[in-house]
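# Reading the structure
These are the residues of each chain, in order.
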Amino acid sequence: MILTVTPNPSLDRTYEVPALERGEVIRAGGERVDPGGKGVNVSRAVAAAGRRTVAVLPLGGAPGALVADLLAAQGIEVAPVPVAGATRSNIALAEADGVLTKINAPGPELSAAEEELLLDTVRSHSRAADWIACCGSLPRGLAPSWYADLVTRAHAAGARIALDTSGRALVEALRARPDVVKPNAEELAEAVARPLATVGDALKAAEELRALGARTVLASLGADGQLLVEDTGAWFGSARVSAVRSNVGAGDASLAGFLIAGGTGPEALASAVAHGAAAVRLPGSVMPTPADLDPASVTITADLPLDRELTEPVS
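Residues numbered from 1 in each chain as written. Predicted model: local features only at pLDDT ≥ 70, side-chain atom pairs only at ≥ 80, totals over all residues. Heavy atoms only, no water.

An unreviewed UniProt entry lists the protein under the name 1-phosphofructokinase, with Streptomyces nogalater given as the organism. According to the UniProt record, the Sequence similarities (unreviewed entry) comment for the protein reads "Belongs to the carbohydrate kinase PfkB family." (UniProt positions renumbered as here; feature names shortened; annotations may be inferred.)

Here it is in structure tokens:
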């Protein structure tokens, strides 16, 4: 079982539009309403793969009730933490050329009592978990050290932790030695405070995160592929994608694929790349099923293309 923790979940509305023209009335060609948040998406991808998952998340108001209903309809066990504030609602505008514009609301502020209830809920479900995936931004009311504290508690209980967050929350969590961290290129650059222009730059940054405490780094480099760095070696993975429909949740699908396949080694990286590539071919934040995967399109190599320039370098 994969337990996911999403401290700041959302109700996500995605509109497909021909082009985004500021100040104009735009008619959407398609609309989706999905439960959102990085950990929520990981649970959705795990469930789509036919595996058991439990989603721990604070929920409040009508949006929170709808998130719970949508997750239950997808076969996901929900462990809700009732909060006074309403769950946030986010909007994404997906243009025909693949460009995505997102508007994310801040979300509710959690009280000290709600924070403690969230930790207790994680603890009560962690004993049955093969992995705990802690994902996304922290809501107001939780300190930047919250993920570090959660990693420490989980390790004390014998659980393995995968962490997908950014900024100060990521940097502080490294001291607790999470088993896996999954930054994208921008988050990786932010963590080491310098730009990334090549795969070699990304490798050096990943090694620095490991030196700071991360045991494994799974870095998403957008259209260029993914980089896995761990004790036993480093691998680079990529996949052919003919057309991108939406990249919402693609990184979350990748993390789910990685954990489903064991969370270590080139086989897990291949699963991560296949899941991410399948996700970008689907609308909105739809998570891929096994039928959507194309393992034959995935290439994994230990001969890292260090001089390859990133398609979207991070400054």
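Moving on to the overall build of the protein. Broken down by element type, the protein carries 9 helices and 16 strands. A compact globule built from 315 residues would reach a C-alpha radius of gyration of about 20 Å, and the protein, at 18 Å, matches this within 12%. With respect to the principal axes defined by its C-alpha atoms, the protein has extents near 55 × 50 × 35 Å. Every one of the 315 residues in the protein was classed for burial, and the buried ones make up 54%. Pairs at least 24 apart in sequence give 66% of the contacts found in the protein among residues at least 6 apart. With the model as given, the accessible surface of the protein reaches about 13,300 Å², and the carbon-plus-sulfur share is 51%. Between the averaged position of the 27 positive side-chain charges in the protein and that of its 37 negative side-chain charges there is a distance of 3 Å. (Helix = DSSP H or I, 4+ residues; strand = E, 2+ residues; numbered from the N terminus. Rg over C-alpha atoms; globule rule 2.2 N^0.38 Å. Buried < 20%, exposed > 50% of the residue type's maximum accessible area, 1.4 Å probe, protein only. Contact = heavy atoms within 4.5 Å. Areas by Shrake-Rupley, 256 points an atom, 1.4 Å probe, with all protein chains shown as cover. Lys, Arg positive; Asp, Glu negative; His and termini not counted. Charge placed at Lys NZ, Arg CZ, Asp CG, Glu CD.)

In this structure, strand 6 (residues 88-95) lies alongside strand 7 (residues 100-103), joined through 4 bridges in antiparallel fashion. Bridge pairing in strand 7 places Ile91 opposite Ile103. Linking two consecutive strands that pair antiparallel, namely strand 6 and strand 7, is a turn of 4 residues; a positive phi of about 95 degrees is found at Gly98 within it. (Pairing = 2+ DSSP bridges.)

Pairing within the open sheet is mixed, and its 4 strands lie in the order 3-2-6-7. Each edge of the open sheet carries a strand with a single partner, namely strand 3 (30-36) and strand 7. Ignoring which end each strand starts from, the neighbouring axes of this sheet average 20 degrees apart. Relative to strand 3, strand 2 (residues 10-17) runs antiparallel, the two sharing 7 bridges. By the bridge assignment for strand 3, Tyr15 is matched with Glu31. (Axes fitted to C-alpha atoms, helices over the stretch in contact; angles between N-to-C directions.)

The next point concerns the nonpolar core. Formed by 53 residues in total, the largest nonpolar core has its most connected members in Ile132 and Trp146. Dropping the residues within four chain positions of it, Trp146 is found in contact with Val5, Pro7, Glu115, Leu118, Leu119 and Leu138. Core analysis: the second largest hydrophobic core is formed by 28 residues, Ile2, Ala162, Trp235 and Met287 among them. (Core = buried A, V, L, I, M, F, W, Y, C linked by side-chain atoms within 4.5 Å.)

Bringing the packing of helix 8 (residues 250-260) against helix 9 (residues 265-280) into the picture now. The N-to-C vectors of helix 8 and helix 9 enclose an angle of 150 degrees; their axes lie 7 Å apart at closest approach. Judged by the angle between their axes, helix 8 and helix 9 are roughly antiparallel. Between helix 8 and helix 9 lies a crossing whose hand is right-handed. Two secondary-structure elements touch here, helix 8 through Ala250, Ala253, Ser254, Gly257, Phe258 and Ile260 and helix 9 through Ala268, Leu269, Ser271, Ala272, His275, Gly276, Ala279 and Val280. Counted by class, the contact of helix 8 with helix 9 contains 9 nonpolar, 5 polar and no charged residues. (Parallel < 35°, antiparallel > 145°, perpendicular 65-115°, else oblique. Left-handed = near helix turned anticlockwise from the far one by under 90°. Nonpolar A, V, L, I, M, F, W, Y, C, P; charged D, E, K, R; others polar.)

Looking now at the environment of Ala19. The residue Ala19 is located in the loop between strand 2 and strand 3 in this model. When its relative accessible area of 31% is taken as the criterion, Ala19 is described as partly exposed. Put simply, Ala19 and Leu57 are 38 residues apart on the chain and 34 Å apart in space, counted from C-alpha to C-alpha. Contacts of Ala19, omitting those with residues within four sequence positions, involve Ile26 and Glu95.

Looking at the element boundaries, Asn8 is found in the loop between strand 1 (2-5) and strand 2. Only 3.2 Å separates the side chain of Asn8 from the backbone oxygen of Pro106, close enough to count as a polar contact. Other than its neighbours up to four places away in sequence, Asn8 contacts Arg88, Pro106, Gly107, Pro108, Ser137 and Pro139. (Polar contact = N/O pair within 3.5 Å; in protein donor to acceptor, adjacent residues only side chain to side chain.)

All told, the structure shown has 1 aromatic pair when counted by the stated rule. Taken together, a centroid distance of 5.7 Å and an interplanar angle of 65 degrees make the contact between Trp146 and Tyr147 edge-to-face. (Phe/Tyr/Trp six-rings, centres within 6.5 Å; stacked < 30°, edge-to-face > 60°.)

Before going further, it helps to spend a moment on the side chain of Ser271. As for its position among the elements, Ser271 is in helix 9. Judged by its relative accessible area of 15%, Ser271 falls in the buried class.

With that settled, consider helix 8. The buried count for helix 8 comes to 10 of 11 residues, which makes it a mostly enclosed element. Residues of helix 8 that are buried include every one of Ala250, Asp252, Ala253, Ser254, Leu255, Ala256, Gly257, Phe258, Leu259 and Ile260, and no others. Gly262 sits one or two positions beyond helix 8 and adopts a positive phi of about 110 degrees.

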